[in-house]
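For reference, the chains in residue letters:
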Amino acid sequence: MVQLNQNFINSIAQDLPSHLSLDDFIHFCGQPLRLSIRVNTLKISCAHFIERMTPFGWSFEPIPWCKEGFWLTFNKNCQLGNTIEHLQGLFYIQEASSMLPPTALFQGFDFNDTDTLLDMASAPGSKTTQIAAMMNNQGLLIANEYSASRIKVLHANVLRMGISNTALTHFDARVFGEYLYESTEAILLDAPCSGEGTVRKDPDALTHWDPDKIDDIATTQKALIQSAFLTLKPGGSLVYSTCTLNKAENQAVCLYLKDLYPDAVHFDDLSQLFPEANKAITEEGFLHVWPQVYDSEGFFVAKITKKQSVPRLVPQPNKQKNFPFSPASQKHTQALMDYFHHTFDIDLSGQGTIMQRENEYWLFPTPFIPFIGSMRFQRIGVKLADSFKQGFKAKHEALMALGNGKASITLPQEEAEQFLMGRDIFLSSKTKTQGEVLVSYEGQLLGMAKHLGNKLKNNLPRDLVKDKVVPL
């Protein structure tokens, strides 16, 4: 049962628009959220996914502000996160309102495959992976996360969804205005907040609500939005969003930025972002989504265009030294490309820049190269392979990102479940050994195996092996 702090109710009543009812707000806060997912179009089209899942009793209702998003119902209790389709990266379990910020970011944005985007607070990765899909894995997406414990989850979701154009960072996002001054075309700042809009997902979210903490949070948000604005190129777009409801963390933060840079800040009107967006629009053109408006979580979204350059606050920092990667030699690059082509029918040409670190080979997004030395990066692009005396060994993450649609050995459902649980698959009859092969289920990759003639030796990374895979 939802526990609403009375002080919170009294406070939020002051911010609630006059055309909305406080009783409705309290009522919807106590209602369970509708389950929603986003189809990963890097791997499968929405039409194909719906066709594939409808026979299992799945029913899809489109989410108006995200063409890949759907409210989902199905006939039986099912752990979606342990289904084959989820493990294949075909969809992301994502609250409908949280799909709004990336949609707003791309409104009117003529994306170019040389562009750099920044997601300043990325984990667990719902918006990061949505943006990467909207970029079609092109360009460069810098995904930052301050919390060390959440970086691993972010990385896992990036890999599961087959994303290859990211560079992960682990910083307090206030440093970006200093280190990457006016270097990105678009930025999402989904700021840390008091989470008032999440009470439908977390009934205890507001039990200990404290107005004094909001002031402290807003101070951090103002520093973050200034850092984001400094990082943005003139002419670029910044989306500021939160999953909270009070004006101090929302409108006031955006107006603070406007006061800092009155000639450079322009608030974009989001009233035409999707049908009936005007139901949640503010006088500034922001979206202030209350739970009862679209039967969703509460959310706030503002879009800001940078009309002109603004002065940097500090001198340019020194370049980072001792970057551990270097471009692979032409000889090694060609050998690696031949290996991927002949073994997996994957063409690496034009996919990015192949870099080497000792016996490791990585595929970097080409737009990342100018950022070398600008700051420390945790994980760049995808690891392609390790090299040994006898040749190369491809990495699971590279195959999942680059091998979609390639020739593979198709497994039936039961064997696909066994494969995801780390087990070898015995073949019905012995054939000629084929070596490394791709393994798939329903046309989508599961991973790599070694064909030994009588069985497929499972090469799934140990950290991806599941104790249980749920049949639909």
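Our structure's up above, just so we're on the same page.
Throughout what follows, the structure given in this document is the object of discussion. (Residues numbered from 1 in each chain as written. Predicted model: local features only at pLDDT ≥ 70, side-chain atom pairs only at ≥ 80, totals over all residues. Heavy atoms only, no water.)

## Here we look at the overall build of the protein
Looking only at helices and strands, the protein features 14 helices and 23 strands. C-alpha atoms of the protein, sized along the principal axes, occupy 75 × 60 × 35 Å. A burial count over the protein gives 54% of its 472 residues as buried. For the protein, the share of sequence-separated contacts (at least 6 apart) that also reach a separation of at least 24 residues comes to 73%. On the protein, roughly 20800 Å² of surface is accessible, and the fraction owed to carbon and sulfur atoms is 49%. Across the protein, the mean location of the 43 positive side-chain charges is 10 Å away from that of the 50 negative side-chain charges. (Helix = DSSP H or I, 4+ residues; strand = E, 2+ residues; numbered from the N terminus. Buried < 20%, exposed > 50% of the residue type's maximum accessible area, 1.4 Å probe, protein only. Contact = heavy atoms within 4.5 Å. Areas by Shrake-Rupley, 256 points an atom, 1.4 Å probe, with all protein chains shown as cover. Lys, Arg positive; Asp, Glu negative; His and termini not counted. Charge placed at Lys NZ, Arg CZ, Asp CG, Glu CD.)

## With respect to the pattern of salt bridges
Counting across every chain of the model gives 19 salt bridges. Salt-bridge contacts for Arg-174 lead to Asp-172; the nearest nitrogen and oxygen are separated by 2.7 Å. Judged by its relative accessible area of 23%, Asp-172 falls in the partly exposed class. A salt bridge links Glu-185 to Lys-233; the shortest N-O distance between them is 2.6 Å. Taken together, the residues span a long stretch of sequence, with Glu-185 in strand β8 (residues 184-190) and Lys-233 in strand β9 (residues 232-242) at a distance of 48 residues. (Salt bridge = Lys/Arg side-chain N within 4 Å of Asp/Glu carboxyl O.)

## Brief notes about the side chain of Asp-386
Along the chain, Asp-386 turns up in strand β17 (residues 382-388). Here the side chain of Asp-386 touches Lys-383 through a polar contact of 2.9 Å, side chain to side chain. When near neighbours in sequence (up to four residues on either side) are disregarded, Asp-386 contacts Asn-359, Glu-360, Gly-391, Phe-392, Lys-393 and Lys-395. (Polar contact = N/O pair within 3.5 Å; in protein donor to acceptor, adjacent residues only side chain to side chain.)

## Let's talk about unusual backbone geometry
Pro-124 follows Ala-123 through a cis peptide bond whose omega is 5°. Within the secondary structure, Pro-124 sits in the loop between β5 (116-119) and α6 (126-134). Unlike most non-glycine residues, Asp-295 shows phi in positive territory, near 55°. Tracing the backbone shows Asp-295 in the loop between α11 (291-294) and β12 (299-306).

## Overview of the nonpolar core
Trp-65, Leu-117 and Leu-287 are the most contacted members of the largest nonpolar core, which totals 54 residues. If you tally residues by element for this core, the top one is helix α5 (residues 100-106), at 4 residues. Beyond its immediate sequence surroundings of up to four residues, Trp-65 is in contact with Trp-71, Ala-96, Ser-97, Met-99, Leu-100, Thr-103, Phe-274 and Tyr-294. Within the second largest apolar cluster, 41 residues are counted, among which are Phe-171, Ala-191, Phe-267 and Met-375. (Core = buried A, V, L, I, M, F, W, Y, C linked by side-chain atoms within 4.5 Å.)

## Side note on the pairing of strand β15 (residues 360-364)
Along β15, 5 of the 5 residues are buried, which leaves the element largely enclosed by surrounding structure. Note: strand β14 (residues 353-357) against β15, 5 bridges, orientation antiparallel. Counted as the bridge partner of Met-355 is Trp-362 from β15. Counting the residues in the hairpin turn of β14 and β15 gives 2 residues, including Glu-358, whose phi is positive at 55°. The pairing of β15 with β17 spans 4 bridges and is antiparallel. In the sheet register, Glu-360 faces β17, and the bridge partner there is Asp-386. (Pairing = 2+ DSSP bridges.)

## A word on the sheet that holds β17
Reading across from one edge, β13-β14-β15-β17-β18 is the order of the 5 strands in this open sheet, with antiparallel pairing throughout. Each having just a single partner strand, β13 (326-327) and β18 (391-394) make up the two edges of the open sheet. Across 2 bridges, the pairing between β13 and β14 is antiparallel. By the bridge assignment, Pro-327 is partnered in β14 with Met-355.

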